[in-house]
Amino acid sequence: MSHGLRIAFFGSSLVSSWWNGAATYYRGLVRALHARGHHVTFYEPDAHGRQEHRDLQDPDWVRVVVFANDRGSLDACLDDAFGVDVVVKASGVGAFDAYLEARVLELRRSGTQVVFWDVDAPATLERVAKDANDLLRPLIPRFDHILTSGGGAPVVNAYRELGAKRCVPIPNAVDPDTHHPVAPEPRFAGDLSFLGHRLPDREARVEAFFFKAAEALPRSRMLLGGSGWEDRVVPANVARLGHVYTQDHNAVNCSARAVLNLHRDSMARFGFSPGPRVFEAAGAGACLITDAFEGVEQFLEPGREVLVAHSGEEVVEHLRRLTPEDARRMGQAALRRVLAEHTYAHRAARVEAELGYRAGAGRG
């Protein structure tokens, strides 16, 4: 009889979404793996103010270990992880990343698989391509599996060229227990909402797709959520929300006529990498407008389940044509699609298959 896999997962943070775009992804996957009978310990550093801005108390579906931002504390976590079935080192832990990538490979042995899980593969691959001496480069062939949160064939091919044994995308998805339709709230009412931290490789797209659309539609109310925008001059019809904690995402998504998703530059270049906001919005039954990216139709059908924009002008045109009835219809279509094909339960099953695990057959 199978008792599930014991998984040690080193990542940026499960309990805090503060400057941590991977939080939703981690939570959805780990929760789904637990529901399928696996036992996950998530190790995360006390770094970047995330523990002071928690938006999730330690849940009962994972063991969370927060280690002090020093090597001794990290070594104790590595010792604790010795002998598990699967060790995962995620990209962008934010403390001792290069050290961790080398050390987790020392835990590899018969019965223990070691995985590099890249939650920002486009950025990682561009970094490695630019630096022949990047410390991750020679380690890539040594991992049993490379899993990524997106990227499709371009990412898979790039990792294979770097010597990866296996590279399999496990895209973002929706956790229906976390992201779902709720009653709209007047404080989040508007014509278009955008949630995203202010990042250098996304700001130009926010300018082109969001701020210029706001300027072109001065009578519309636009909502801007995320950290880093406090000192940015914005059009008069843009309401700043500041950091929006996870518990308010459903209300934001359900209260505006449409929700805007914008990818970072590297993600848009590689394609096939819908961000977590795509699935959060669809899971809430929101009408989604996304900037164009290759592979969008693999996740949502343009024109029926999602509106695709190649420019700020196209965002404006979508909003001018979009009636509340059309918005509701499109949001419901998107919700049906993601529940049928793109939940974290679907992704967890794919992870099991990649790890060679079959329920009832023991560990693979």
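So, how was this worked out
- Residues numbered from 1 in each chain as written.
- Predicted model: local features only at pLDDT ≥ 70, side-chain atom pairs only at ≥ 80, totals over all residues.
- Heavy atoms only, no water.
- Helix = DSSP H or I, 4+ residues; strand = E, 2+ residues; numbered from the N terminus.
- Rg over C-alpha atoms; globule rule 2.2 N^0.38 Å.
- Buried < 20%, exposed > 50% of the residue type's maximum accessible area, 1.4 Å probe, protein only.
- Contact = heavy atoms within 4.5 Å.
- Areas by Shrake-Rupley, 256 points an atom, 1.4 Å probe, with all protein chains shown as cover.
- Lys, Arg positive; Asp, Glu negative; His and termini not counted.
- Charge placed at Lys NZ, Arg CZ, Asp CG, Glu CD.
- Pairing = 2+ DSSP bridges.
- Axes fitted to C-alpha atoms, helices over the stretch in contact; angles between N-to-C directions.
- Disulfide = S-S within 2.5 Å.
- UniProt positions renumbered as here; feature names shortened; annotations may be inferred.
- 1 Å grid on protein atoms, 1.4 Å probe; cavity = no way out; pocket = protein on both sides within 12 Å on 5 of 7 lines; lining within 4 Å.
- Points joined across faces, edges and corners; volume = space filled by probe spheres on them.
- Phe/Tyr/Trp six-rings, centres within 6.5 Å; stacked < 30°, edge-to-face > 60°.
- Polar contact = N/O pair within 3.5 Å; in protein donor to acceptor, adjacent residues only side chain to side chain.
- Core = buried A, V, L, I, M, F, W, Y, C linked by side-chain atoms within 4.5 Å.
- Salt bridge = Lys/Arg side-chain N within 4 Å of Asp/Glu carboxyl O.
- Domains from an automatic or database assignment.
- Buried area = accessible area lost by both parts, 1.4 Å probe.

## A closer look at the overall build of the chain
Across its full length, the chain carries 12 helices and 13 strands. For 364 residues, the compact-globule formula gives about 21 Å, and the C-alpha radius of gyration of the chain, at 20 Å, lands near that figure. Reported as C-alpha extents along the three principal axes, the dimensions of the chain are approximately 65 × 45 × 40 Å. In the chain, which comprises 364 residues, the proportion classed as buried is 59%. Sequence-distant contacts in the chain: of pairs separated by 6 or more residues, those separated by 24 or more amount to 71%. Counting only carbon and sulfur atoms, one obtains 51% of the accessible surface of the chain, whose full area is about 14,800 Å². For the chain, the separation between the mean place of its 43 positive charges and that of its 47 negative charges on side chains is 3 Å.

## Points about the sheet that holds strand β10 (residues 238–242)
Pairing between sheet strands relies on hydrogen bonds along the backbone, with the strands arranged either parallel or antiparallel. If you walk across this open sheet you meet the six strands as β10-β9-β8-β11-β12-β13, and the pairing is parallel. Every interior strand has two partners, whereas the edge strands, β10 and β13 (307–309), have only one. This sheet shows a mean twist of 25 degrees between the axes of neighbouring strands, independent of strand direction. Against the sheet, helix α9 (residues 276–283) engages β8 (190–195), β11 (256–261) and β12 (288–291), with an angle of about 160 degrees to β11.

## Considering the state of the cysteines
Counted according to the given criterion, the structure contains zero disulfides. Free of any disulfide, cysteine 254 has its nearest cysteine sulfur in cysteine 287, 12 Å distant. For cysteine 254, a relative accessible area of 18% puts it in the buried group.

## A closer look at the UniProt feature "domain: Spore protein YkvP/CgeB glycosyl transferase-like" (unreviewed entry) in the chain
As annotated by UniProt and renumbered to match this structure, "domain: Spore protein YkvP/CgeB glycosyl transferase-like" (unreviewed entry) occupies residues 208–352. The span residues 208–352 carries 46% helix and 15% strand; its end-to-end C-alpha distance comes to 41 Å.

## Things to note about the layout of surface pockets
To find leftover empty space, a probe the size of one water molecule is rolled over the atoms. Roughly 260 Å³ of internal volume is contained in the second largest pocket. Taken together, 16 residues make up the lining of the second largest pocket; nearest its centre are Cys254, Ala256, Gly285, Ala286 and Arg328. The set of elements that each furnish at least two residues to the lining of the second largest pocket consists of α7 (249–255), β11 and α11 (324–341). It is α11 that contributes the most residues to the lining of the second largest pocket, four residues altogether.

## Concerning the packing of aromatic side chains
How two aromatic rings sit relative to each other is given by the distance of their centres and the angle of their planes. With the rule as written, the count across this model stands at 14 aromatic pairs. Consider the rings of phenylalanine 9 and tyrosine 26, whose centres lie 5.4 Å apart with planes at 75 degrees: the pair is edge-to-face. Of this pair, phenylalanine 9 sits in strand β1 (residues 6–10) while tyrosine 26 sits in helix α1 (residues 23–35), placing them 17 residues apart in sequence. Tyrosine 26 matches phenylalanine 9 in its accessibility class, with the two residues each being buried. Seen in terms of ring centroids, phenylalanine 211 and tryptophan 229 are 5.9 Å apart; in terms of plane orientation they differ by 80 degrees. Their pairing is edge-to-face.

## So, the side chain of aspartate 175
Here aspartate 175 lies in the loop between β7 (167–169) and β8. For aspartate 175, a relative accessible area of 10% puts it in the buried group. One polar contact links the side chain of aspartate 175 to the main-chain amide nitrogen of aspartate 177, over a distance of 3.0 Å.

## Side note on the nonpolar core
One recurring pattern in soluble globular proteins is that nonpolar side chains are buried together. In terms of nonpolar packing, the biggest core is built from 34 residues, with Phe10, Tyr43, Val104, Phe143, Ile146 and Tyr159 touching the most fellow members. Broken down by secondary-structure element, the contributors of at least two residues to this core are β1, β3 (63–67), α2 (71–80), α3 (97–104), β5 (113–118), α4 (121–130) and α5 (152–161). Within the second largest apolar cluster, 31 residues are counted, among which are Ile7, Tyr25, Val168 and Ile170.

## Focus: the pattern of salt bridges
For the structure on display, the rule yields 35 salt bridges. The partner of glutamate 101 in a salt bridge is lysine 89, and the shortest N-O contact between them spans 3.0 Å. Of this pair, glutamate 101 sits in helix α3 while lysine 89 sits in strand β4 (residues 86–90), and the two are 12 residues apart along the sequence. Here lysine 89 falls in the buried class, since its relative accessible area comes to 0%. Between arginine 198 and glutamate 203 there is a salt bridge, and its shortest N-O distance comes to 3.0 Å. For arginine 198, a relative accessible area of 23% corresponds to the partly exposed category. A cluster of three or more residues bridged by salt bridges with shared partners is formed by Arg198, Glu203, Glu207, Asp231 and Arg232.

## Thoughts on the domain arrangement of the chain
One can read the domain layout of the chain as domain 1 (6–173 + 344–355) and domain 2 (186–342). Computed over C-alpha atoms, the centres of domain 1 and domain 2 are 28 Å apart. Between domain 1 and domain 2, a total of about 2,000 Å² is buried, with carbon and sulfur atoms accounting for 57% of that surface. Scanning the region where domain 1 abuts domain 2 turns up two salt bridges. Residue glutamate 126 is joined to arginine 269 by a salt bridge in which the shortest nitrogen-to-oxygen separation is 3.0 Å.

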